[in-house]
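# Fold and contact review
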Amino acid sequence: MPIKQPLADLMRPKQLKDLVGQEELVNEGAPLYQIIQKHVPVSLLLWGPPGTGKTSLAHIIAREYNYPLANFNASVDNKLKLTQIINTYPHQSFVLLIDEIHRMTKNIQDYLLPYLESGQVMLIGATTENPIMSIVPAVRSRCQIFEFKALSDQNILTVLKKATTDVLKLKKDKIDSEALKMIAISADGDLRVALNILETVHAINGENLSIDVVKDFVKNQHFAYDKKATEHYDYLAAYSDSMAGSDTDAALYYLAVLLKNGDLPSVVRRLREIPYTYIGLANPEQATQIVVVANQAEKIGMPKAKYPLMFATMLMCLSPKSGSFDQIWEQLDQDTQYPSQHPMPRGLRDMHYKHSEEITGGGLIDNPFEQPFQIAKQNYMPKGFEGKRYYFAKDNLNEKKLEQQYLKLHKYIYGQDYQK
């Protein structure tokens, strides 16, 4: 008996115009649209939730470019398989679709690099993880990165209607539109999940696709977001933003959603990071306390970890906020683009090798611990940035107090107030 092709594969779009969602990327004139229409031979990293069209786009591109398509799954395949794929197309370019590319080892990524450079491999990497965090810079720099968003219920509903008529051959008067809406909602932005539900319900019940049948099926499926994909998405972002906005109730709600879906690690990571970002110098003791509580929650584990995590979440919301570090980093990021154009004072250079003082001047500075108040009156800033100020206190009592010390130190070291 031949293998029965799943409905999700049968509904895979053949052309760019058939792809649902991602309008800001693939509508006429959009970046991906331009790349594909002009057959630009550039590798792509596509990241976003599952079932949003990343794999489908790889198939479309291979067809548009008239390139062979090879599949590699970084979760289960090894370097030997990759070598075999590359050797299959020794004299022509081909599309290499790598699923779960964030799981690809550094060694295999390095092995792939020369084939990207030669143009033999047109890589399309699909991942639910941000590739900035998992793909080596050498590979990443040879790719264009595009973020795919979860599909809307309407996007999914459009495909479900087409599947019922074109593939399942149901008559329109037999299709319960409310049942299809229920399937779309239950899929939570994942078209593959929606088509799998439709296929299963149809296989069990035939043409009886009523709202009651669908409700009875999906209520036991516990469809929820993929915590690995959502780590960078809606609920975690809503949790963080609610704490930044000091909305205790909203933050607790999103915390509960994350924990009920088994995403304790993401919550802990976020609570280790954001106290320094959102609270910072406005309440440094409380920022430290939140990090300590998050670490303790990780040790306790669920279900008891929910109590310290609620405690930490409420502290985040109720504490005065700063956000000054974001502004500082924005200016630092700009000023450090070309550090070679702004040489540091010679005396700050490394002095831990023989003749360093004669060669570079390293170490030829005043030792601050031998000066009054253990502070040396000398320039530490690189050329062109003397007297530059990065920190401007936010409007909270603790930072205003720290700012006075900050300004006094500058005036003592440099003998003058900050440049305006």
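About the thresholds
Residues numbered from 1 in each chain as written. Predicted model: local features only at pLDDT ≥ 70, side-chain atom pairs only at ≥ 80, totals over all residues. Heavy atoms only, no water. Helix = DSSP H or I, 4+ residues; strand = E, 2+ residues; numbered from the N terminus. Rg over C-alpha atoms; globule rule 2.2 N^0.38 Å. Buried < 20%, exposed > 50% of the residue type's maximum accessible area, 1.4 Å probe, protein only. Contact = heavy atoms within 4.5 Å. Areas by Shrake-Rupley, 256 points an atom, 1.4 Å probe, with all protein chains shown as cover. Lys, Arg positive; Asp, Glu negative; His and termini not counted. Charge placed at Lys NZ, Arg CZ, Asp CG, Glu CD. Patch = residues over 30% accessible without salt bridge, like charges linked within 9 Å, V, L, I, M, F, W, Y side chains within 5 Å. Salt bridge = Lys/Arg side-chain N within 4 Å of Asp/Glu carboxyl O. pLDDT = per-residue confidence, 0-100. Pairing = 2+ DSSP bridges. Axes fitted to C-alpha atoms, helices over the stretch in contact; angles between N-to-C directions. Core = buried A, V, L, I, M, F, W, Y, C linked by side-chain atoms within 4.5 Å.

## A word on the overall build of the protein chain
When helices and strands are tallied, the protein chain shows 21 helices and five strands. For the protein chain, the C-alpha radius of gyration of 28 Å lies well beyond 22 Å, the compact-globule estimate for 420 residues. On the principal axes, the C-alpha backbone points of the protein chain span a range of 90 × 60 × 40 Å. Residue burial in the protein chain is summarised as follows: out of 420 residues, 42% are buried. The long-range share in the protein chain, meaning contacts at least 24 apart out of those at least 6 apart in sequence, stands at 71%. Roughly 23400 Å² of accessible area belongs to the protein chain as shown, and the carbon and sulfur atoms make up 53% of that amount. Once the 47 positive and 48 negative side-chain charges of the protein chain are each reduced to a mean point, those two points are 1 Å apart.

## A closer look at a nonpolar patch on the surface
A grouping of Ile-132, Met-133 and Ile-145 is seen on the molecular surface, where their side chains present a nonpolar patch of about 310 Å² in accessible area. Residue position: Met-133 is located in helix H7 (residues 131–134).

## Observations regarding the confidence of the model for the protein chain
Within the protein chain, residue pLDDT values average 84, and 91% of them lie at 70 or more. Segment residues 224–232: pLDDT under 50, and 30 contacts once partners within four positions in sequence are set aside and those in other chains are kept.

## Comments concerning the sheet that holds strand E3 (residues 94–99)
One open sheet holds the five strands; their spatial order is E2-E3-E4-E1-E5, and the pairing between them is parallel. With partners counted over all chains shown, the strands left at the sheet margins are strand E2 (69–73) and strand E5 (143–147), one partner each. Strand-to-strand, the axes of this sheet are offset by a mean angle of 20°, without reference to chain direction. Strand direction decides the pairing type here: strand E1 (residues 43–47) and E5, joined by five bridges, are parallel. Looking across to E5, one finds that Ser-43 is bridged to Cys-143. Across the sheet, helix H5 (residues 79–88) touches E2, E3 and strand E4 (121–127), and the angle it forms with E2 is around 175°. Contacts from helix H6 (residues 106–118) reach E1, E3 and E4 within the one sheet, and its direction differs from that of E4 by about 130°.

## A few points about the nonpolar core
Of all hydrophobic cores here, the largest spans 28 residues; its most connected members are Ile-156, Leu-160, Ile-183, Leu-191, Leu-195, Leu-198 and Val-201. At six residues, helix H11 (residues 191–205) tops the list of elements feeding residues into this core. Not counting chain neighbours up to four residues away, the residues in contact with Leu-198 comprise Leu-7, Leu-160, Ala-163, Thr-164, Leu-168, Leu-180, Ile-183 and Leu-209. In terms of nonpolar packing, the next biggest core, distinct from the first, is built from 25 residues, Leu-259, Ile-279, Ala-312 and Cys-317 among them.

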